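# Residue-level structure breakdown
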Amino acid sequence: MTENSGFMTGGGDMGAMMRAHDWSASSLGDPETWPESLRTSLSIMLNSSFPMFVWWDEKSLINFYNDEYKVILGNKHPDALGQSAKKVWTEIWSDIEPLKKQVFTDGTPVYMKDLRLMLNRYGYEEEAYFTFSYGPIREDDGKIGGLFCVVNETTEEVLNHQKLEESDNRFRSLADTAPMYIAMADETGNAVYFNQPWLEYTGKKLEDMKGMGWLSTLHPDDAPTFENDFKKAFSEHIAINKEYRFRRADGEYRWMLAIGAPRFTPKGNFIGYFGTYTDFHELKEAQIAVQQREEQFRALADNIPNLAWMARADGHIYWYNSRWYEYTGKSPAQMEGWGWQSVHDPNELPGVLAKWKNSIKSGRGFEMVFPLRGADGSFRPFLTRVVPLRSKDGVIEQWIGTNTDISQQIKIKHAEARTEELEGIAAQLARQQKDLIELNKAKDEFISLASHQLRTPATGVKQYVGMLIEGYAGELSIQQKLFAERAYESNEREISIVNDLLKVAQVDAGKMHIRKKKIDFVALIQEVIDEQRGKFAEQNQSIIFKKFTETIVANADEERMRMVIENLVDNASKYTPPYKTITVDVSVVKEGKLRIKIQDEGVGISASDKKKIFEKFVRIDNPLSDVVGGSGLGLYLVKRIVDLHDGSIEVSSTPKKGSVFTITLPV
Ligand code: ADP
């Protein structure tokens, strides 16, 4: 290298090759003789990082290039150095020759972008693209000595771009014929694409739909929801699955199912959304109708007094009305599905389950009464009705059940039955009472008749036996007299009983009349006691009469009152053992009333018997009742007579200690 070839300094491989090249054999000769403009151009070329070449002299077109250009030459390197460009680029010469000519002839620079050339640099033909500029290199005298080229191979970019465009076109033609609505938005949320069906649906032009323009077709009611979803999607880049209404060209808003997928570059950068919209308007309307129907039902069911619920076709209960929760005191979580079994009576549950499962299987409703446990723990009976709800084509969609508390009805039914029963008993009693009254009347009549009939012969016996004892039929032996006297006494007793019967018959028939006059009770009682003194002596009994005043005068029927006192004094003696005392007293008590007390130390009367002793024909068993005779009529008559005097009789007694009979009479 001589002093004058310093312009070839540096330049990597190509610099070295150029310096080593034997230029003397070329038309250019020794580099020392090369024109200044060529040398400057080559110096620039060798020291550039951009692919460059220089063609010098239009006739010989001697080819110089730098390291960066080697790649473009392929196997043409290294022979291409110093060769004629026309020879290097034979296969494309017809394409570039006119361009070269323009530079050398007119001096006008040439700029080509992505020029397609069919090269053969590796032994086969290939499509390649280049962006380059050709510029003239002028010499000192202004003549164009050569051509300076800066070139960039763009084959990869161009082919990639073509592929992209192809796929884009394929997508569009596919999208435009797809039976759905498709749109795309960029990463800022601006809509950039709508397929043909979308544009036809809205009746709008793409320009009007782009950006945010398409939102003018969104239903105003859906705008707030949409805005929320939109913001969320573009900040979180998540998949979208939502329902909105969009206006069709004819003005009708129709329900669309919007499914949006976020788009990312291979490196993971978010670049917007790809969205499909499916018109499912009719389905949605049907859904809304069902929802509304269910909504109405729930509102209704929450306001009825019955318990109510809804179940899926498979029997899973998914809703109960508020009354159900109120009554059972349970929570929705406890009741859902098959949880309701916990409020059933375990004994009844198998039957209920069998019915319900059978219904689910057969598709037929059922009616049944069973108990349900309330919040207070007690069971009440419920009438349960279950019906299936079917779709138009007859498929069971759900079950609706109601449970009605029928405890009140059952109570009423029971009460009705009880009332009926009581009415029956009352009617029967009334009949029996009527029969008894009839019977009693018949009996009274019989007793009255019988007593009369009995008295006459007994009176006859008394008369004739009396005459026998008096000796009218001659002197009787001692034994004869004794027997006659016994007969007389027996007859006397019979007459007494018959008399009692007659009196009772009179009382019962209302024939006993009280004839009152002023009588002195002290004197009357004294007379009765005196008359019976013999009997007390026989029994070794003492009788005490306590009189607090000399006379007590009151209005009364003397004969009947005598009978009352005789009877009570007689009983006191009869039901008292020997060696005991009977006390009688009479006094006027404060309220202007007369009180007679007959007290004994006899066998006494039990509390339960006290009520009975004043009834007709009642004789109470006691240690003395077998020894002493009686008809059970005495106290009955006593009470009737006292009653007829507007008085009262009471008895107090301690068994084995004695009794007190107290008569109170108005003075
Ligand atoms: P009776 O003819 O049997 O004496 P009453 O009507 O006079 O009939 O009395 C009814 C029953 O009352 C008697 O059978 C007797 O058991 C009981 N009774 C009456 N008075 C007395 C008394 N003072 N003490 C004990 N029991 C008496």
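Details of the structure are given in the entry above.
Quick caveat, the model's predicted, so the values are computed rather than measured. (Residues numbered from 1 in each chain as written. Predicted model: local features only at pLDDT ≥ 70, side-chain atom pairs only at ≥ 80, totals over all residues. Heavy atoms only, no water.)

## Observations regarding the site of the ligand
Neighbouring the ligand are 21 residues, the closest being Asn 571, Tyr 575, Asp 600, Arg 619 and Leu 635. At 2.9 Å from an oxygen atom of the ligand is found a side-chain nitrogen or oxygen belonging to Tyr 575. Asp 600 places a side-chain nitrogen or oxygen 2.8 Å from a nitrogen atom of the ligand. Alone, the ligand offers 540 Å² of accessible surface; in the complex the protein occludes 98% of this. For the shell around the ligand, the secondary structure elements donating two or more residues are helix 17 (558-574), helix 19 (634-644) and strand 22 (658-666). (Near = heavy atom within 4 Å. Polar contact = N/O pair within 3.5 Å; in protein donor to acceptor, adjacent residues only side chain to side chain. Areas by Shrake-Rupley, 256 points an atom, 1.4 Å probe, with all protein chains shown as cover. Helix = DSSP H or I, 4+ residues; strand = E, 2+ residues; numbered from the N terminus.)

## Structural notes on the sheet that holds strand 13 (residues 366-373)
Reading across from one edge, 12-11-15-14-13 is the order of the 5 strands in this open sheet, with antiparallel pairing throughout. In this open sheet, the two strands that pair with only one neighbour each are strand 12 (317-320) and strand 13. The sheet shows a mean angle of 25° between the axes of neighbouring strands, taken without regard to direction. Two elements, strand 11 (residues 307-312) and strand 12, share 3 bridges in a ladder whose sense is antiparallel. Across the sheet, Trp 309 pairs through a bridge with Tyr 320, a residue of strand 12. (Pairing = 2+ DSSP bridges. Axes fitted to C-alpha atoms, helices over the stretch in contact; angles between N-to-C directions.)

## Examining the nonpolar core
One broad trend across soluble globular proteins is that nonpolar side chains are buried collectively. In terms of nonpolar packing, the biggest core is built from 48 residues, with Trp 55, Phe 64, Trp 89 and Tyr 134 touching the most fellow members. Dropping the residues within four chain positions of it, Trp 55 is found in contact with Leu 61, Ile 62, Asn 63, Ala 85, Trp 89, Trp 93, Ile 96, Lys 100, Phe 104, Tyr 134, Gly 146 and Leu 147. (Core = buried A, V, L, I, M, F, W, Y, C linked by side-chain atoms within 4.5 Å. Buried < 20%, exposed > 50% of the residue type's maximum accessible area, 1.4 Å probe, protein only. Contact = heavy atoms within 4.5 Å.)

## Description of the pairing of strand 9 (residues 253-264)
As defined by bridge partners, strand 8 (residues 240-247) adjoins strand 9 across 8 bridges and the pair is classed as antiparallel. Its bridge partner being in strand 9, Lys 242 is matched across the sheet by Ala 258. Hairpin connection, strand 8 to strand 9: the antiparallel pair is bridged by 5 residues, and Gly 251 has positive phi, about 100°. Where strand 9 and strand 10 (residues 270-279) come together, 9 bridges link them in antiparallel fashion.

## Observations concerning the sheet that holds strand 6 (residues 181-185)
Here we have 5 strands laid out as an open sheet, ordered 7-6-10-9-8, and antiparallel in their pairing. Because the sheet does not close on itself, it has two edges, and the strands there are strand 7 (191-194) and strand 8. Geometrically, the sheet is characterised by an average inter-axis angle of 25° between neighbouring strands, direction not taken into account. The strands touched by helix 6 (residues 155-177) within the sheet are strand 6, strand 7 and strand 10, with strand 7 carrying the most contacts at an inclination of about 65°. In the packing of helix 10 (residues 281-301) onto the sheet, the strands contacted are strand 8, strand 9 and strand 10, and the crossing angle to strand 9 comes to about 115°.

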